[in-house]
Amino acid sequence: MEISAGHKSEELCPNSDHMELEKSGDTIEVTSFTESFSRFHIPKLTNAWPEVEAALQEHGISYKLNLAELYMTVSTTPITKDPGIIHRAREVIVLLSKTTVPTYVVCLFFFFSFSLL
């Protein structure tokens, strides 16, 4: 099962960071981060994803949850206003993939600029 929205990029290797250049009239830089997770986190991620999705969409972040291959990806899009937000989005997927922190705490972290890591 795969859940994705926003800007589609080329296939990414799980558990690595990527920076890509894409063309659509003008050249724009797209930054993407991918994080793998264990099968243990599938139920939590499936339940949490609508809440996480809403938080990411609000800031123009593209996202992909791949339950079959066990990875999540976040990427900037042409409508991303704050270039630093991608780093918070990356920390969100790291928190979701490596901890049992409740989703509402992760979303609070995303909306506020303090760092938990």
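Residues numbered from 1 in each chain as written. Predicted model: local features only at pLDDT ≥ 70, side-chain atom pairs only at ≥ 80, totals over all residues. Heavy atoms only, no water.

Peer 1: Looking at this model, I keep getting lost on the overall build of the protein chain. Mind explaining?
Peer 2: Secondary structure assignment for the protein chain yields 3 helices and 5 strands. Along the protein chain, helices and strands appear, N-terminal first, in the series β-β-β-α-β-β-α-α. Of all 117 residues assigned to the protein chain, the portion counted as buried reaches 42%. Long-range pairs, those at least 24 residues apart, make up 55% of the contacts in the protein chain with a sequence separation of at least 6. Carbon and sulfur atoms provide 57% of the accessible area of the protein chain, an area that totals close to 6500 Å². (Helix = DSSP H or I, 4+ residues; strand = E, 2+ residues; numbered from the N terminus. Buried < 20%, exposed > 50% of the residue type's maximum accessible area, 1.4 Å probe, protein only. Contact = heavy atoms within 4.5 Å. Areas by Shrake-Rupley, 256 points an atom, 1.4 Å probe, with all protein chains shown as cover.)

Peer 1: Help me understand the packing of helix H2 (residues 85-98) against helix H3 (residues 103-111) in this model?
Peer 2: To describe two helices that pack against each other, one gives the angle between their axes and the distance between the axes. Packing of H2 against H3 brings their axes to within 9 Å, and their N-to-C directions diverge by 165 degrees. Here H2 is positioned roughly antiparallel relative to H3, judged by the angle of their axes. The way H2 lies across H3 gives a crossing that is right-handed. For the pair formed by H2 and H3, the contact residues are Ile85, Arg88, Ala89, Glu91, Val92, Leu95 and Leu96 on the first element and Val106, Phe109, Phe110 and Phe111 on the second. Split by residue class, the contact of H2 with H3 holds 9 nonpolar, no polar and 2 charged. (Axes fitted to C-alpha atoms, helices over the stretch in contact; angles between N-to-C directions. Parallel < 35°, antiparallel > 145°, perpendicular 65-115°, else oblique. Left-handed = near helix turned anticlockwise from the far one by under 90°. Nonpolar A, V, L, I, M, F, W, Y, C, P; charged D, E, K, R; others polar.)

Peer 1: Looking at this model, I keep getting lost on the packing of helix H1 (residues 42-58) against H2. Mind explaining?
Peer 2: It is at 12 Å that the axes of H1 and H2 come closest, and there the two elements cross at 170 degrees. Considering their axes alone, H1 and H2 lie roughly antiparallel with respect to each other. In contact with Lys44, Leu45, Val52 and Leu56 of H1, H2 contributes Ala89, Val92, Leu95 and Leu96. Of the residues that constitute the contact of H1 with H2, the class distribution is 7 nonpolar, no polar and 1 charged.

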